Amino acid sequence: MSGNTPALAIPAPPRQKLKIGGIVAISIWIVIAVAFVIYFVGAFDITLIERFGWSYLSGLWVTVSLVALSFVFGAIVSLPVALGRMATNPIASGAAFAFVYFFRGTPLIAQIFLVYYGFGEFHRFFETIGLWWFFREAWYCGLFSLALNTAAYQAEILRGAIESVPKGQWEGGRSLGLSRTVIFFKVVLPQALIVALRPYANEIILMIKASAIVAIITVYDLFGETRQAYSRTYDFQTYVWAALLYLAIVEALRHATNWAERRLTVHLKR
Amino acid sequence: MRIARSFALAAAMSALLAGAAVAQESDADKDWSTVRIGTEGAYPPFNFLDASGELKGFDVDIAKALCDQMKVECTFVTQDWDGMIPALQNGNFDAIVASMSITPEREEQIAFTNKYYNTPPAIAVPKDSEITEATDAALTGKQIGAQVSTTHARAAAALFPDAEIRQYPTAEEYKLDIENGRLDAVMDDVVVLDEWVKSDAGACCKILGTLPADPQIYGKGVGVGLRKGDDKLKEMFNQAIVAIREDGTYKKIQDKYFDFDVYGADPAAQ
């Protein structure tokens, strides 16, 4: 009890325990992985690819184009919202806060239903103001809802990133006689985007997965096509394909983010 | 060594999984004193939830009559339409009574009793529509709504290849969308459309006409869906269908909802 045990030996027992736990955990994962591969190889059916291959590709295209466009439109909308959030003017900051509060605080599925079916109830009004051509199309309704939803999240990412840039950058710019706009776009924003890059990538990944719910307003994205294929075959592997395709998009994005980060931070590397 | 053990375990587990998937238990020894019935609850007048949340409709009344006839206790489970067959296979309930047509594709997955009704499909259009006939030529480029994963959605695609078929999660949504002016026509069972156009909600629209039911798509009418292997239950249901047809219960239920014969031709003659 008193000190003839060397102090170094003490951590050994808990480490032993951890090892067993780790082995059990890894075994479970291996079991799942092997069962999955066996299932997938056994269930793999080439005729299904002939039947549904093209619809999967068209669904993939719809998902990718929908997310890409709504992300870009969301980014454009998010800029004034982020500036509004940081503004001292109570009307601007109140409006920006309400926008973010609503779109982050309610489920995307409710927003999509509201835009698609809710606005549809008022189609006479939209016809009068000449916007019905836009809200008539399910695809545009999906784009509209996704863009506004992501704008709310992006505004918060952007605000946090802009606020993370030290005040000295503003002061430095001002001492060189630059206007506020020039300082913002040429000095502060580029530095903020380095901070924002990872959260942005996160946001796109979340959107790719969230976009699957446009299937309920009759847009045949990747998930919509998958449900079609499943309802024709009742074969579970149709969902496995969809999962693998979503994984592939996310993996491609991950690499693109890494590349962009290396590119953006090249001046910080030695 | 450990890895080898893990793999052995994995193989054992996969074998188990595979075994479970293939196993098609017979219900010969099963005592069917209670039967759980799955239905959708969103397909009036066949099955729907009334204002108090209670299941009503022709399917529900027929199911209750069949259960009385079989002297079994029945409980109802509501289930989204496109998950109906997997939920039956997973054992969430024992029988589907949800206006499900007996089609060859579904028969690969589950068993069906003999039909308990058979009504033709129909097309409805807005009252001021310029569409006068249900032909591919008249519907070229038009948008036709139908419920996802239904025989009607498939038949619409087959009959009107030059129209755009839009698929909705439930019948309620395509009804909403034609009222909102997004759809040029909708396709569903004549009884469903008839009930709807006679209600206030369907005041926008009229039935253009019924269509011939292609047996390749529509199969042999609407039956009770059961797991393959539950032969005893199937026999019980088949006898009960004959019995309620003979003792007048069927006619009583039919007259409650419809003023015409929904059973169609005698199956022996088909």
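Residues numbered from 1 in each chain as written. Chains lettered and ligands numbered in written order. Predicted model: local features only at pLDDT ≥ 70, side-chain atom pairs only at ≥ 80, totals over all residues. Heavy atoms only, no water.

A word on the UniProt feature "domain: Solute-binding protein family 3/N-terminal" (unreviewed entry) in chain B. Listed under "domain: Solute-binding protein family 3/N-terminal" (unreviewed entry) in the UniProt record, and renumbered for this structure, are residues 34-261 of chain B. Across residues 34-261 of chain B, helical content stands at 35% and strand content at 29%; the span's end C-alpha atoms are separated by 30 Å. (UniProt positions renumbered as here; feature names shortened; annotations may be inferred. Helix = DSSP H or I, 4+ residues; strand = E, 2+ residues; numbered from the N terminus.)

It is worth spelling out the state of the cysteines at this point. Within the structure shown, the criterion is met by 2 disulfides over all chains. Residue pairing for Cys67(B): its cysteine sulfur links by disulfide to Cys74(B), the two sulfurs lying 1.8 Å apart. Sign of the S-S torsion, about -80° for the bond between Cys67(B) and Cys74(B), identifies this disulfide as left-handed. Overall, Cys67(B) belongs to the buried group, its relative accessible area being 2%. With a sulfur-sulfur separation of 2.3 Å, Cys204(B) is cross-linked through a disulfide to Cys205(B). Between Cys204(B) and Cys205(B), the S-S dihedral sits near -90°, and the bridge is therefore left-handed. Looking at Cys204(B), the relative accessible area reads 26%, which means it is partly exposed. Exposure remark for Cys205(B): the relative accessible area of 2% places this residue in the buried category. With cysteine numbering restricted to those in disulfides and following the sequence, chain B has the pairing 1-2, 3-4. The cysteine Cys141(A) is free of any disulfide, with Cys204(B) supplying the nearest cysteine sulfur at 19 Å. A relative accessible area of 0% places Cys141(A) in the buried class. (Disulfide = S-S within 2.5 Å. Buried < 20%, exposed > 50% of the residue type's maximum accessible area, 1.4 Å probe, protein only.)

For the structure shown, the criterion picks out 2 cavities of 30 Å³ or more. Considering only enclosed or pocket space, the largest cavity measures out at about 70 Å³ in volume. Taken together, Ser231(A), Tyr234(A), Trp81(B), Asp82(B), Met84(B), Ile85(B), Met100(B), Arg106(B) and Ser149(B) form the lining of the largest cavity. Looking at the lining of the largest cavity residue by residue, the classes come out as 5 nonpolar, 2 polar and 2 charged. Around the second largest cavity, the lining residues are Ala215(A), Tyr220(A), Gly224(A), Arg227(A), Gln228(A), Val148(B), Gln167(B) and Pro169(B). Per-element tally for the lining of the second largest cavity: the top contributor is helix α10 (residues 222-233) of chain A, with 3 residues. Tallied by class, the residues present in the lining of the second largest cavity amount to 4 nonpolar, 3 polar and 1 charged. (1 Å grid on protein atoms, 1.4 Å probe; cavity = no way out; pocket = protein on both sides within 12 Å on 5 of 7 lines; lining within 4 Å. Points joined across faces, edges and corners; volume = space filled by probe spheres on them. Nonpolar A, V, L, I, M, F, W, Y, C, P; charged D, E, K, R; others polar.)

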